[in-house]
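The residues making up each chain are set out below.
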Amino acid sequence: MNAMTQPSPNPETEPDIQPAMRTGAQLVVDTLAALGVECVFGYPGGAIMPVYDAIAHGKTRHILVRHEQAAAFAADSYGRITGRAGVCLATSGPGATNLITGIANAYLDSVPMVAITGQVAQPMMGTDAFQETDIFGMTMPIVKHSVIVRRPEDIPSALAEAFAIAEGGRPGPVLVDLPKDVQQASCEAPGRGRSEPEVFPAPCADAIATAEEMIASAKRPLFYLGGGIARANASEMVRRIVEESGIPAVATLQGLGVLAPENPAMLGMLGMHGHRAANMAVQESDLLIVLGARFDDRATGKLAEFAPHARVVHIDTDAAEFGKLRIAHAAVCGSLKGSLGAIDFARGDIDEWTVACAKSKAQHAPRYDAPGNGVYAPALLKSLSERVGDSFVAACDVGQHQMWVAQHCRFSRPQAHLTSGGLGAMGYGLPAAIGAKLAEPESDVFAICGDGGFQMNIQELATLRRYQIPVKIVLLDNAMLGLVRQWQELFFAGNYSEVDLSDNPDFVEVANAFGIEAFSIERREEVDGAIDRLIAARGPILAHVRIDPEENVWPLVPPGASNAEMMEKKP
């Protein structure tokens, strides 16, 4: 067989490496390209320098961030939006430890990621060498898999396996640690690295039969939509099932976007800052059909009083989630699409239930007629998302604005809502927006930030400027750590300890100093013009929006309470 008739490699599993003497660093770059990696996010340093020497001559695009945490967050959002593992690259010691928050974020939200770190040379490992840390040990609880590569010839197979593990089954991060001497050593390059994809077990027939019986006999069934739907790329399938069955639905923070807010079946987000109609439906239901969710405490409130009348059909890829927090009367394990396709969701007579849910949704719909002349953030965010339309993608920091986005923005798909759920990491918004825009250049990507979280990775304005990435930033500035201040107001007798950010810089001047277009608004009549300007911008732009520091997020389930005990804004 001549070279013209050689079968082409599968870019997902079989990186094609031509036999030649290559250094370990060159093999890293060769393998990433062969695996189809289009870009990596990173920051150089001594122990990873051989890879950076090679990457300058490779095919994979490198995005130089200004802090390693931003590299991990950008890789995280790239993985969320594409379903392929995002890649971040850092040196040993502080470079590697700066990735840890982003790795933990990906782990808790089941996001595919491959983190590649430099390490001191093997003879120096364990000697407290300069910039030596045991990143393998440090990250063990927050990765699906990790490996220290000991020989250069093992690099292609180690990386191929890392991507297969990160993207397979329940996705998550994988760490590949590369000692410097392995990067520098040469070997005859292996022809190909191989890794078999993870095979899901077929769902159990008995569990399917039990689930079908429970669905058919339920009088008040409810779909409980989680982030696993997005990870399985199963949104269209779930939409069809919901439409055909007529069963109402609620979503977790990570499940938003599976159903649009205007969908008649969609009652909203459940949990601590969920919609009242959604929380009350959960409390009144007699069957929860849980799709790719894990009964997170922010969703359930007081677990002992959560959905007290409901049996549970739990459908997930990870058997470890069954019974972890709530007994599953039918536990269906396997690929989410495979399980959904195997179950008949024919239901009984639930007309009275669906009418009651629709009435509750209408009765408790959010209002946007807040008094005063200042900018009302929920109204701004709702209008922005609706005017941008199906191309709208939001990458959020963590805080009050994050909850307003979840409550009021319209998302056409769950991949358009990029948020730090399980970890709740401030500083996520801006670097996540960078990763999202590079993954989907055609989408309109907005970083929705608070003034606290924005300053945690504000240096990434330089990354926007360098690569002219047209991310649009909406900075909601209440001169406070708003969510902490709200809790101190409600639960700590108004003792406002260390939440005052009234000495914030002039964010427009800061953005301008980085070479980013920026403007500021603070009155309600300025909102429409601000949205027009954001939509029309062709390059990166920042809208600095001053809002009332005393505005709170409502509703709110207080700590230790059931989801039926929601606090509302006082008239």
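Residues numbered from 1 in each chain as written. Predicted model: local features only at pLDDT ≥ 70, side-chain atom pairs only at ≥ 80, totals over all residues. Heavy atoms only, no water.

1. Focus on the environment of Ala251
At step 1: Tracing the backbone shows Ala251 in strand 10 (residues 249–251).
At step 2: Taking relative accessible area as the criterion, Ala251 reaches 0% and is therefore assigned buried.
At step 3: Counting along the chain gives 183 residues from Ala251 to Glu68, while the straight-line C-alpha distance between them is 32 Å.
At step 4: Ignoring any residue separated from it by four or fewer positions in sequence, one finds Ala251 in contact with Leu225, Leu256, Met266, Gly268, Met269 and Leu270. (Helix = DSSP H or I, 4+ residues; strand = E, 2+ residues; numbered from the N terminus. Buried < 20%, exposed > 50% of the residue type's maximum accessible area, 1.4 Å probe, protein only. Contact = heavy atoms within 4.5 Å.)

2. Looking at the packing of helix 3 (residues 68–82) against helix 5 (residues 100–108)
At step 1: It is the contact of helix 3 with helix 5, at a shortest axis distance of 7 Å, that shows an interaxial angle of 20°. When the axis of helix 3 is compared with that of helix 5, the two are roughly parallel. Regarding helix 3 and helix 5, the two cross each other, and that crossing is right-handed. Between helix 3, through Gln69, Ala72, Phe73, Asp76 and Arg80, and helix 5, the contact on the second element is made entirely by Thr101, Gly102, Ile103, Asn105 and Ala106.
At step 2: Its residues assigned to classes, the contact of helix 3 with helix 5 comprises 4 nonpolar, 4 polar and 2 charged. (Axes fitted to C-alpha atoms, helices over the stretch in contact; angles between N-to-C directions. Parallel < 35°, antiparallel > 145°, perpendicular 65-115°, else oblique. Left-handed = near helix turned anticlockwise from the far one by under 90°. Nonpolar A, V, L, I, M, F, W, Y, C, P; charged D, E, K, R; others polar.)

3. Structural notes on the layout of surface pockets
At step 1: Roughly 1100 Å³ of internal volume is contained in the second largest pocket.
At step 2: Taken together, 44 residues make up the lining of the second largest pocket; nearest its centre are His364, Ala365, Pro366, Arg367 and His408.
At step 3: Within the residue set of the lining of the second largest pocket, elements represented by two or more residues are strand 11 (266–269), helix 12 (276–284), helix 15 (351–363), helix 16 (377–388) and helix 17 (400–408).
At step 4: Residues that form the lining of the second largest pocket fall into these classes: 22 nonpolar, 10 polar and 12 charged.
At step 5: Residue contributions to the lining of the second largest pocket reach at least three from each of two domains, namely domain 2 (205–364) and domain 3 (377–546). (1 Å grid on protein atoms, 1.4 Å probe; cavity = no way out; pocket = protein on both sides within 12 Å on 5 of 7 lines; lining within 4 Å. Points joined across faces, edges and corners; volume = space filled by probe spheres on them. Domains from an automatic or database assignment.)

4. Some thoughts on the pattern of salt bridges
At step 1: This model, assessed by the stated rule, comprises 24 salt bridges.
At step 2: Here Asp351 makes a salt bridge to Arg347, at a shortest N to O gap of 3.8 Å.
At step 3: The salt bridge partner of Arg533 is Glu517, with a shortest N-O separation of 3.1 Å. Of this pair, Arg533 sits in helix 23 (residues 527–536) while Glu517 is found in strand 19 (residues 517–521), placing the two residues 16 residues apart along the sequence.
At step 4: It is possible to trace a salt-bridge network through shared partners that takes in Arg170, Asp318, Glu321 and Lys324. (Salt bridge = Lys/Arg side-chain N within 4 Å of Asp/Glu carboxyl O.)

5. Some thoughts on the side chain of His401
At step 1: Along the polypeptide, His401 turns up in helix 17.
At step 2: Look at His401 and you get buried, because its relative accessible area is 5%.
At step 3: With residues near it in sequence (within four places) discarded, His401 still touches Leu381, Ile448, Cys449, Gly450 and Leu476.

6. Description of the UniProt feature "domain: Thiamine pyrophosphate enzyme N-terminal TPP-binding" (unreviewed entry) in the protein chain
At step 1: Listed under "domain: Thiamine pyrophosphate enzyme N-terminal TPP-binding" (unreviewed entry) in the UniProt record, and renumbered for this structure, are residues 22–137.
At step 2: Secondary structure content for residues 22–137 is 42% helix and 19% strand, and the end C-alpha separation is 29 Å. (UniProt positions renumbered as here; feature names shortened; annotations may be inferred.)

7. Some thoughts on helix 16
At step 1: Look at helix 16: 17 Å from first C-alpha to last across 12 residues, which is about the 16 Å you get at 1.5 Å a residue.
At step 2: Listed in full, the buried residues belonging to helix 16 are Ala377, Pro378, Leu380, Leu381, Ser383, Leu384, Ser385 and Val388.
At step 3: Of the residues trailing helix 16, Gly389 is marked for its positive phi of about 90°. (Expected span 1.5 Å × (residues − 1).)

8. Comments concerning unusual backbone geometry
At step 1: For the bond from Trp554 to Pro555, the omega torsion is -5°, close enough to zero to count as cis.
At step 2: Although it is not a glycine, Phe295 sits at a positive phi angle of roughly 55°.
At step 3: Relative to the helices and strands, Phe295 resides in the loop between strand 12 (287–291) and helix 13 (297–300).
At step 4: Phe295 gets classed as buried once you look at its relative accessible area, which sits at 2%.

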